[in-house]
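Descriptive analysis of the structure
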Amino acid sequence: MTGDQIMLFALLAGILGMLLWGKLRHDLVAMGGLLIAVVLGLVPAEAAFEGFAHHAVVIVALVLVASRAFENAGALSLVTSAFAKADRPTMQHIAIFGGIGAAMSAVINNVAALALLMPLDVQAARKAGRPPSITLMPLAFATILGGMVTLIGTPPNIIAATIRADQLGAPYQMFDFAPVGLAVAVAGMAFVALIGWRLVPTREDKAAGLISGASFKAELLVPEEAEVIGQFMRTLEPKAEQADVLINGLVRDGAPYYSRAWAMPLKAADLLVVEGSTEAIAAFVKSAGLQDAPGTDDGPLSSDDEAMAAAAASTGVVEAVDAEPEAIDTERDPKAEIIEAVVRADSRLVGRAVRAIDLRRQFGITLLGIARAGVVARERVRDRVIHAGDELLLTGRTARSPETLDLLGLIEIGRASVAPVRPWKVALAVGLFAAAIIVASLGWLSFTIALAIAVAVYAGTGLVPAREFYRQIEWPVIVMLACLLPIGSAFEEVGGTALIASTIAEATADYAAVVALVALMVVTMTLSDVLNNVATMVITGPIAIDLAYRLDANPDTFLMGVAVSCSCAFLTPIGHKNNTLIMGPGGFRFADYWRMGLPLEVVVLVVAIPMLLLVWPL
């Protein structure tokens, strides 16, 4: 081994060790490794940050923004809400939800797909009286499997296409991964739905970290020209049951009605009194076409109110103290949301009655509901006294502002969209994305440019407001990828990949090339279970091509095999973000994942190897 090879092997071992240690963020570890490589002369200084302009990095960022456009348009919730039923048998529920998750993961980021489906899965489990752990792990694995089907389904596929372009002259296209990836995904889903979920240990329901355990009592306004006007409350019962909220009664002209309310036709400006979680109330608002309750406007501001309002005006949170705020308008505000926040001990709201705090006049915020330690209040919301630790449901444009929440002494712990689904937005989001795929497939534009144009149109039409772009991009992943790419290139240039490839080739010299393929895939799966799959692909992709050349085999067979293996992180909670996301809500332990994950990886190998040999012959 040369001196440069020794230094690079040592550097990579150090980076992998730090990533496994997990005490430092993976982006900081990658950045530190890159800087050390530059200082040692392994990476030229002028090439140190070329990774940030690499098209693979750009595509990963654009896919994350496009995922948000699908969510904002309502395309995803439109599909998932139709299948969120609690009365299905467990096996059928897993098959349907897992199939939806896998299909979503083929076209959007698989983390985003799981984040959207996970609350619905937990709600369905609670309604059915089963622990969420039984269905959460199958759902997470399904979203990972679905990412194998397309170029943009998972970052390792994008990296594989990049490596192929650099070393073989042309990248993979959008659906080159589909034959093998789809077969693996279908086989994996069949195993998960029929057998795998039975291997998952039953754990305590700890979904409070995902969906607040607090049950709120909220007052929701029946707006002008609402479809429910003139109808009785029983007509809302199916929607309330679907959303998992309880309708208690209504408030009309300041007077509460409970048992009598069921015989009273609804009128504009009535307040429906409901109980439920944040997500449940948000779902009910969206499905029933309701708005937030009107402000109290109970007189002049107190000195504390004036101080808060003046501070708000000085920071630009609101334009003026006496501005007349509007009720939230989901037609004009595509980001209409309900915010759940906890009252800090030092909040100026502590000890004050809701009726005495005109948040609407000062901040354009409406207090929808309040809960204390999960106990629902029996008095009206406006009669409650706020205590430290109370959980509040807020709505209004400025309720999304961190500055506003900080000024009020509140800490946001969750949010849920109440914007209604608009068919034209769904058509626009899906149509633009499909157009980008078609244009790239026909070779008229590169996929990077086509997707960038689609994202620009998303911004221009308000599907993804410009201010949200940077929030949707997972910058730690972007930085890690951009820093590892130059190190990976240097590793290849000094002969590191050739050295590893020759070692595997020698170890399998007495056997057919397919044995070397299986060995490489097993090694890659093992790495992916403990490392980020992007880092695994950057390291093993060039090794796959070099090994194929040494065996006089088809490099596509080995590169595709590595791409599949990088996505098979089923043994640990740290191998994939989706595994990590379900750990808390499902109450899982570190050792729980291999029970279903190990046989699933065997299934993947059994299906992937013949399909690779069929579609990409050696």
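Given the structure is predicted, the values throughout are model-derived calculations rather than measurements.

Here the focus is the overall build of the chain. On a plain count of helices and strands, the chain comes out with 25 helices and 10 strands. Looking at the chain residue by residue over its 618 residues, the buried ones come to 55%. Taking contacts inside the chain between residues at least 6 apart in sequence as the whole, the part at least 24 apart equals 79%. Accessible surface for the chain amounts to roughly 24,700 Å². Of this, 62% is attributable to carbon and sulfur atoms.

Let us look at the packing of aromatic side chains. The full count for this structure, using the stated rule, is five aromatic pairs. With centroids separated by 6.2 Å and ring planes inclined at 40 degrees, the aromatic side chains of Phe49 and Phe52 adopt a geometry described as tilted. Phe49 gets classed as partly exposed once you look at its relative accessible area, which sits at 46%. For Phe52, a relative accessible area of 33% translates into the label partly exposed. Put simply, the rings of Tyr172, Phe177 and Trp616 touch in pairs and so form one group of aromatic residues.

Summed over all chains, the structure comprises five salt bridges. The network of salt bridges with shared partners includes Arg344, Asp346 and Asp406.

Moving on, we come to the pairing of strand β1 (residues 216-221). Across the six residues of β1, six count as buried, placing the element largely inside the fold. Residue alternation in β1 divides its side chains into two sets, Phe216, Ala218 and Leu220 and Lys217, Glu219 and Leu221, and both sets are buried. Sheet topology note: the β1/strand β4 (residues 271-276) ladder contains six bridges and is antiparallel. Looking at β4, one finds that Ala218 is bridged to Val274.

With six of seven residues buried, strand β2 (residues 246-252) is to be regarded as a mostly interior element. Relative to β4, β2 is paired through five bridges, and the arrangement is antiparallel. Looking across to β4, one finds that Gly249 is bridged to Val273. Across three bridges, the pairing between β2 and strand β3 (residues 255-257) is antiparallel. Looking across to β3, one finds that Val251 is bridged to Pro256.

The next thing to look at is the side chain of Ser528. As for its position among the elements, Ser528 is in helix α20 (residues 513-530). A relative accessible area of 0% places Ser528 in the buried class. A distance of 2.6 Å separates a polar atom in the side chain of Ser528 from the backbone oxygen of Cys566. Residues in contact with Ser528, not counting those within four places in the same chain, are Asn533, Thr536, Ser565, Cys566, Ala569 and Gly575.

What follows concerns the environment of Ile6. Structurally, the position occupied by Ile6 is in helix α1 (residues 3-21). Using a relative accessible area of 47% as the deciding quantity, one classes Ile6 as partly exposed. Separated by 490 residues in the primary sequence, Ile6 and Gly496 place their C-alpha atoms 8.9 Å from one another.

This brings us to the packing of helix α15 (residues 423-441) against helix α16 (residues 447-460). It is the contact of α15 with α16, at a shortest axis distance of 8 Å, that shows an interaxial angle of 160 degrees. Accordingly, the angle class assigned to the pair α15 and α16 is roughly antiparallel. Between α15 and α16 the crossing geometry is right-handed. Contacts from Leu428, Ala429, Leu432, Phe433, Ala436, Ile437, Val439 and Ala440 in α15 reach Phe447, Ala450, Leu451, Ala454, Val457 and Tyr458 in α16. Among the residues forming the contact of α15 with α16, the class breakdown is 14 nonpolar, no polar and no charged.

Here we take up the confidence of the model for the chain. Confidence in the prediction for the chain averages 79 pLDDT; 83% of positions are at 70 or higher. Scored below 50 in pLDDT, residues 206-212 shows 22 contacts in the model against residues more than four places distant or in partner chains. Note on residues 314-334: pLDDT under 50 across the span, and 44 contacts to partners over four residues away in sequence or across chains.

Phe447, Tyr458, Phe558 and Ile582 are the most contacted members of the largest nonpolar core, which totals 128 residues. Setting aside anything within four residues of it in sequence, one finds Ile582 in contact with Leu114, Met118, Leu136, Met137, Ala140, Gly587, Phe588 and Tyr593. Counting 29 residues, the second largest nonpolar core, distinct from the first, contains Ala218, Val222, Ala243 and Ala280.

Here we take up helix α25 (residues 593-615). Here α25 spans 31 Å end to end across 23 residues, near enough to the 33 Å set by a 1.5 Å rise per residue. Within the sequence span of α25, burial applies to Tyr593, Met596, Gly597, Leu600, Glu601, Val604, Leu605, Ala608, Ile609 and Leu612.

Criteria and thresholds
Here the residue numbering is sequential within each chain, running from 1 through the sequence in written order. At least 70 in pLDDT is required for a residue's local features to be given in this predicted model, at least 80 for side-chain atom pairs to be given and counted, and no such filter applies to totals for whole chains, interfaces and linings, which use all residues. Computation of side-chain values: all heavy atoms of the structure, hydrogens and water removed. Strands are runs of DSSP state E lasting at least two residues, helices are runs of H or I lasting at least four, and both sets are numbered from the N terminus onward. Partly exposed describes any residue whose relative accessible area lies between the buried limit of under 20% and the exposed limit of over 50%, with all areas from a 1.4 Å probe on protein chains only and scaled to the type maximum. Here a residue-residue contact requires only that any non-hydrogen atoms of the pair lie within 4.5 Å. Under the convention used here, a 1.4 Å probe and the Shrake-Rupley method define accessible areas, while residue burial counts only the protein chains that appear. Note on aromatic contacts: the rings of Phe and Tyr and the six-membered ring of Trp form a pair at centre separations within 6.5 Å, being stacked when their planes are under 30 degrees apart, edge-to-face when over 60 apart, and tilted otherwise. Basic side-chain nitrogens of Lys or Arg form a salt bridge, by our definition, when they fall within 4 Å of a carboxyl oxygen of Asp or Glu. By definition, two strands form a pair when at least two bridges between them are found by DSSP. Think of a polar contact as two N or O atoms within 3.5 Å of one another; within protein, one of them needs to be a possible hydrogen donor and the other a possible acceptor, and neighboring residues in sequence only count if both atoms come from side chains. Interaxial angles span 0 to 180 degrees and are taken between N-to-C directions of axes, which are lines fitted to C-alpha atoms, for helices over the stretch in contact. Comment on the angle field: the value is read as roughly parallel under 35 degrees, roughly antiparallel over 145, roughly perpendicular from 65 to 115, and oblique elsewhere. Each helix crossing is assigned a hand: it is left-handed if the near helix lies turned anticlockwise from the far helix by less than a right angle, otherwise right-handed if that turn is clockwise. Gly counts as polar in this scheme, as do all residues outside two lists: the nonpolar Ala, Val, Leu, Ile, Met, Phe, Trp, Tyr, Cys and Pro, and the charged Asp, Glu, Lys and Arg. Per-residue confidence from the predictor is reported as pLDDT, a score between 0 and 100. In these notes, a set of buried Ala, Val, Leu, Ile, Met, Phe, Trp, Tyr and Cys residues joined through side-chain atoms within 4.5 Å is what counts as a nonpolar core. The span expected for a helix works out to 1.5 Å for each residue beyond the first.

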